[in-house]
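Single-letter residue listing:
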Amino acid sequence: MGVKTGLWKLKRSLNNLAFRMSFIRLAPGSSRPLLPIAQFFIVGFTIFVLAGGLFVLAQGGQGLLNVSRGLQWVYPGDVNNQTTLEAVFSGLVYILGFVGVYMMFMSTRFVYRPKRAYGFLAFGMMLIIIFIISLYFVIYDKIGQL
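Residues numbered from 1 in each chain as written. Predicted model: local features only at pLDDT ≥ 70, side-chain atom pairs only at ≥ 80, totals over all residues. Heavy atoms only, no water.

### Let's talk about the overall build of the protein
Here is the rule we go by: Under the DSSP-based scheme used, a helix requires at least four consecutive residues in state H or I and a strand at least two consecutive residues in state E, with every element numbered from the N terminus. For every residue, the accessible area obtained with a 1.4 Å probe (protein chains only) is divided by the maximum for its type, and the residue is called buried under 20%, exposed over 50%, and partly exposed between those limits. Residues are treated as being in contact if the distance between any of their heavy atoms lies within 4.5 Å. Computed by Shrake-Rupley with a 1.4 Å probe, the accessible areas treat only the displayed protein chains as cover when residues are assessed.
Each helix and strand counted, the protein has five helices and zero strands in total. Reading the secondary structure of the protein in the N-to-C direction produces α-α-α-α-α. The 146 residues of the protein split such that 22% are buried. In the protein, the share of contacts with a sequence separation of at least 24, taken over all contacts with a separation of at least 6, comes to 59%. Counting only carbon and sulfur atoms, one obtains 70% of the accessible surface of the protein, whose full area is about 11,600 Å².

### Points about a nonpolar patch on the surface
The condition is simple: The patches reported here contain residues having more than 30% relative accessible area and no salt bridge. Joining distances are 9 Å for like charges and 5 Å for nonpolar side chains (Val, Leu, Ile, Met, Phe, Trp, Tyr). Salt bridges are counted wherever a side-chain nitrogen of Lys or Arg sits within 4 Å of a carboxyl oxygen of Asp or Glu.
The grouping of Val88, Leu92, Ile95, Phe98, Val99, Tyr102 and Phe105 at the surface amounts to a nonpolar patch, some 640 Å² of accessible area in total. Inspection of the secondary structure assignment puts Tyr102 in helix α4 (residues 84–107). For Tyr102, a relative accessible area of 46% corresponds to the partly exposed category.

### With respect to α4
Given 3.6 residues per helical turn, the α-helix brings residues three or four places apart onto the same face. Formally: A helix is expected to span 1.5 Å multiplied by its residue count minus one.
Compared with the 34 Å implied by 1.5 Å per residue over 24 residues, the 35 Å span of α4 between its first and last C-alpha is a close match. Of all the positions in α4, only Glu86, Ala87, Ser90, Gly91, Val93, Gly97, Gly100, Met103, Met106 and Ser107 are classed as buried.

### What to know about the side chain of Ser90
With respect to the helices and strands, the residue Ser90 is situated in helix α4. Under the relative-accessibility criterion, Ser90 is labelled buried at 10%. For Ser90, the contacting residues outside a window of four places in its chain are Ala51 and Gln82.

### A short note on the packing of aromatic side chains
Quick note on the threshold: Put simply, two rings from Phe, Tyr or Trp (the six-membered ring, in Trp's case) pair if the centres are within 6.5 Å, and we call them stacked under 30 degrees between planes, edge-to-face over 60, tilted for the rest. Geometrically, a charge over a ring is one whose NZ (Lys) or CZ (Arg) sits within 6 Å of the ring centre while staying within 35 degrees of the ring normal.
Applying the stated rule across the entire model yields five aromatic pairs. Taking 6.3 Å as the distance between ring centres and 40 degrees as the angle between the ring planes, the aromatic pair formed by Tyr102 and Phe105 counts as tilted. Of this pair, Tyr102 and Phe105 both sit in helix α4, three residues apart, roughly one helical turn. Accessibility expressed as a relative area gives 40% for Phe105, which makes it partly exposed. When the ring centre of Phe110 is taken as origin, the NZ or CZ atom of Arg116, which lies over that ring, is 5.2 Å away.

### Considerations on the side chain of Gln82
The topology assignment puts Gln82 in the loop between α3 (53–59) and α4. A residue is classified by how much of its surface remains accessible, and Gln82, at 15% relative accessible area, is buried. Apart from the residues lying within four places of it in its own chain, the contact partners of Gln82 are Ala51, Gly52, Phe55, Tyr75, Ala87 and Ser90.

### Quick notes on the packing of α4 against helix α5 (residues 114–143)
Each pair of packed helices gets described by two things: the angle between the helix axes and the distance between those axes. Stated precisely, the cut-off is as follows: To obtain each axis, a line is fitted to C-alpha atoms, and for helices this fit is confined to the stretch in contact; angles are then taken between N-to-C directions over 0 to 180 degrees. For classification, angles of less than 35 degrees are called roughly parallel, those exceeding 145 degrees roughly antiparallel, those between 65 and 115 degrees roughly perpendicular, and all remaining angles oblique. Throughout, a crossing is termed right-handed when the near helix is turned clockwise from the far one, and left-handed when it is turned anticlockwise from it by less than a right angle. Note that Gly is not counted as nonpolar here; it falls among the polar residues with everything else outside the nonpolar set of Ala, Val, Leu, Ile, Met, Phe, Trp, Tyr, Cys and Pro and the charged set of Asp, Glu, Lys and Arg.
One can describe the packing of α4 onto α5 by two numbers: an axis separation of 7 Å at closest approach and a directional angle of 155 degrees. Relative to α5, α4 is oriented roughly antiparallel. Helix-helix and strand crossings are classified by hand; for α4 and α5 the assignment is left-handed. When the residues that make up the contact of α4 with α5 are grouped by side-chain class, the tally is 20 nonpolar, five polar and two charged.

These figures capture arrangement, not role.
Below, the structure written as structure tokens:
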């Protein structure tokens, strides 16, 4: 009996101590609206970095290239350089892929509405296929034929 009472009192005193030591006092539920905004900024920054935005900012943007064949906004045969339009295209395609993955995730939420679930799943898969094909096309033009 004495051990159980002692553990309960210790747990309660530690909880009270943790509550007293917290320096940020928020009203209940006030931090919830900030969560989607934080997620949006984290995903946006990740896509910016993956698309090469930091490289474009550091190296300065370049416009269209004078190439005889292929895309004019992709460095042919050089994976170490990138134009501004290539970074913008990559960013848009990454957003497309992220939306596709998110739609596939949302399709699991509609398990009791099969038509909507299959619609979300099919459209998400189409977006991911477009994402893969377009980035493959750009990297193939960048590397060239081996």
